[in-house]
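The chain contents come next:
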Amino acid sequence: MINALRGMKDLTFEESERFVHIVTTARTIAQRYGYGYIETPILEETKLFKRSVGESSDIVGKEMYQFMDKGNNDVCMRPEGTAGVVRSFVQAKLDRRQNEKFKFYYYGPMFRYERPQKGRLREFHQFGCESFGEASVYEDFTIIQLIGDIFKALGIGYKLQINSLGCPECMPPYRQELISFLTECKDELCDDCNRRIDTNPIRVLDCKNEKCQALLVDSPKLISNLCLNCDDDFTTLVRLLKSENIDYEIDTNLVRGLDYYNKTAFEFVSDEIGSQSAIAGGGRYDKLVEFLDGKPTPAVGFALGIERIMELVKMPEVSREGYYIGAMDEEVIPSLFSLASKKRTSDKVTVEYGAKKLKAHLKGADKVNAQFCAVIGEDEYKNGTIWIKDLVNKEEKTIPLNEF
Ligand code: HAM
């Protein structure tokens, strides 16, 4: 028997309903905020992710589905959506239209070769939004509000964690300060952290090792070393969150696993789904368009993990819907198709191809959750009528076929 690959899942029945419900809800809300759909390829050149997500990140360093294709190109299954959207933005020369703003939403599969566990898959799905051309921190706030609206519509509780990662003015001096601190306690930090002191010292801040975390309590904090502009923006963000009654926590160790962020970084977490608790994450990435050879363009965005949200979402009750059409006589069955296609212009219709007794048809209608069971029996056939039972209101009637 051939099974799906480890860490990859089929979605059917109840689960696929959840999936569609989440995407439909998220897309409706994103559209209200002015986002239009973008679809980018799953396969991209490996160097796109090396240059954006960052070579020192775990995603690029350890988790890429990377291979040489038949034309000897170094390609990779996208581990996230932002890099592809930015590549597409630059390729379409939208970066040259400096006075315009562009907002895109997307959803689809992402691939990370991680060790699978609850809430962590190798193929998973994200819904994301990317906003280009808006440098105002109001846009960071609006994105957070958008995610809040999605979770509210899905009936999901969350905690919001925020931080500021500064900018090219305040980050480098802070980085130096942090490196000095980390070098001093080098011997007590874990191997991973020791490696990161040279490659990506900021990532040391979110090491999960308890001993490292205890040492980091005394580390210098970027939030108290921000330049005037970053500090102003962060203060404004906090003020807006307060005024709109959006609860938040400032987490000075929140650095995100991707290297392209500056200024605002945030994560939405749930305490109901175990250790893989991040249900959405994002932030500002004002330098990424430039890194990918475009003209400087401020940008901010987020992505949410659909599978993790599937665990939490409360589904609306499914009510009976549409028609089930059947006949009690074999020779009547071909005539059901024209009835069905007429009805299908407005309703869901299931046609039963076998001639059956009424009781069996009622059972069939029940199985497909139809509201109406419509059956042509011997009398109805003779009289050019059809019998219909409304399974919600428990009413039945016989009407001429041309009125059906
Ligand atoms: P990320 O935090 O790496 O951000 O992923 C976003 C969300 O995807 C996570 O919060 C989580 O819910 C889900 N996720 C990540 N890895 C897995 C996995 N292995 N299995 C299941 N779910 C997972 C990004 O990808 C950025 N591109 C977000 C962004 C957009 N920033 C700016 N724009």
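Residues numbered from 1 in each chain as written. Predicted model: local features only at pLDDT ≥ 70, side-chain atom pairs only at ≥ 80, totals over all residues. Heavy atoms only, no water.

Participant: Residues and numbers for the environment of I223, please.
Facilitator: Tracing the backbone shows I223 in the loop between α8 (210-216) and α9 (228-243). Non-local contacts of I223, meaning those with residues more than four positions away in its chain, are made with N163, S164, D231, F234 and T252. (Helix = DSSP H or I, 4+ residues; strand = E, 2+ residues; numbered from the N terminus. Contact = heavy atoms within 4.5 Å.)

Participant: Report on helix α13 (residues 358-367), specifying residues and quantitative values.
Facilitator: Inspection of α13 places H361, G364 and A365 among the buried residues, and these make up the whole buried set. Looking straight down α13, one finds that the buried residues subtend no more than 100° of arc, so they occupy a single side. Opposite the buried face of α13, by more than 90 degrees, sit the exposed residues K359, K363 and K367. Where α13 is buried, its residues contact β12 (323-327) and β14 (372-376). Taken from the residues just after α13, N369 is the one with a positive phi, measuring 60°. (Buried < 20%, exposed > 50% of the residue type's maximum accessible area, 1.4 Å probe, protein only. Arc of directions from axis to C-beta.)

Participant: Describe the site of the ligand, naming the residues involved and giving the relevant values.
Facilitator: Among the 26 residues in the neighbourhood of the ligand, the closest are listed as E80, E114, E130, Y261 and A278. At a separation of 2.8 Å, an oxygen atom of the ligand approaches a polar backbone atom of A278. Contact between the ligand and G305: an oxygen atom at 3.3 Å from a main-chain N or O atom of the residue. For the ligand, whose accessible area on its own is 660 Å², the fraction buried by protein is 96%. Ranked by the residues each element gives to the shell around the ligand, the list is headed by strand β10 (residues 278-284), at 5 residues. (Near = heavy atom within 4 Å. Polar contact = N/O pair within 3.5 Å; in protein donor to acceptor, adjacent residues only side chain to side chain. Areas by Shrake-Rupley, 256 points an atom, 1.4 Å probe, with all protein chains shown as cover.)

Participant: Run through the packing of aromatic side chains, naming residues and quoting values.
Facilitator: Within this structure, the stated rule accounts for 18 aromatic pairs. Centre to centre, the rings of Y37 and Y105 are 5.3 Å apart; their planes meet at 50°, and the pair counts as tilted. Remark: Y105 occurs in strand β5 (residues 102-111) and Y37 occurs in strand β1 (residues 36-37); sequence separation between them is 68 residues. You can call Y105 buried: its relative accessible area is 2%. Through successive ring pairs, a cluster of aromatic residues spans F89, F102, F104, F132, Y260, Y261 and Y285. The positively charged end of K343 is found above the aromatic ring belonging to F404, 5.1 Å away from the centroid. (Phe/Tyr/Trp six-rings, centres within 6.5 Å; stacked < 30°, edge-to-face > 60°. Lys NZ or Arg CZ within 6 Å of the ring centre and 35° of its normal.)

Participant: Talk me through the packing of helix α5 (residues 137-154) against α9; I want residue IDs and the actual numbers.
Facilitator: Remark: α5 packs on α9, axes separated minimally by 9 Å, with the N-to-C direction vectors making an angle of 40°. Taken together, the axis directions place α5 and α9 in an arrangement best described as oblique. Between α5 and α9 the crossing geometry is right-handed. Along its contact with α5, which presents V137, Y138, D140, F141 and I144, the element α9 presents D233, T236, L237, L240 and L241. Per-class residue counts for the contact of α5 with α9 are 7 nonpolar, 1 polar and 2 charged. (Axes fitted to C-alpha atoms, helices over the stretch in contact; angles between N-to-C directions. Parallel < 35°, antiparallel > 145°, perpendicular 65-115°, else oblique. Left-handed = near helix turned anticlockwise from the far one by under 90°. Nonpolar A, V, L, I, M, F, W, Y, C, P; charged D, E, K, R; others polar.)

Participant: A description of the nonpolar core should follow, citing residues and the corresponding values.
Facilitator: Formed by 98 residues in total, the largest nonpolar core has its most connected members in F127, F132, I150, F151 and F302. Of all the elements, α5 adds the most residues to this core, at 9 residues. Sequence-distant contacts of F127, defined by excluding residues within four places in its chain, comprise V23, A26, R27, A30, Y105, Y106, Y107, I150, F302, A303, L304 and I306. (Core = buried A, V, L, I, M, F, W, Y, C linked by side-chain atoms within 4.5 Å.)

Participant: So what about the sheet that holds strand β4 (residues 74-77)? Which residues, and what values?
Facilitator: With antiparallel pairing, 3 strands are arranged side by side in an open sheet as β2-β4-β3. Pairing within the sheet leaves two strands with one partner each, and these edge strands are β2 (43-45) and β3 (65-68). Between one strand axis and the next, the sheet turns by 35° as a mean value, whatever way the strands run. Direction of pairing for β2 relative to β4: antiparallel, over a ladder of 3 bridges. Pairing of E44 across the sheet is with C76, part of β4. This element, helix α2 (residues 46-54), spans β2, β3 and β4 of the sheet and lies at about 75° to β2. (Pairing = 2+ DSSP bridges.)

All we've got here are geometric facts, nothing functional implied.
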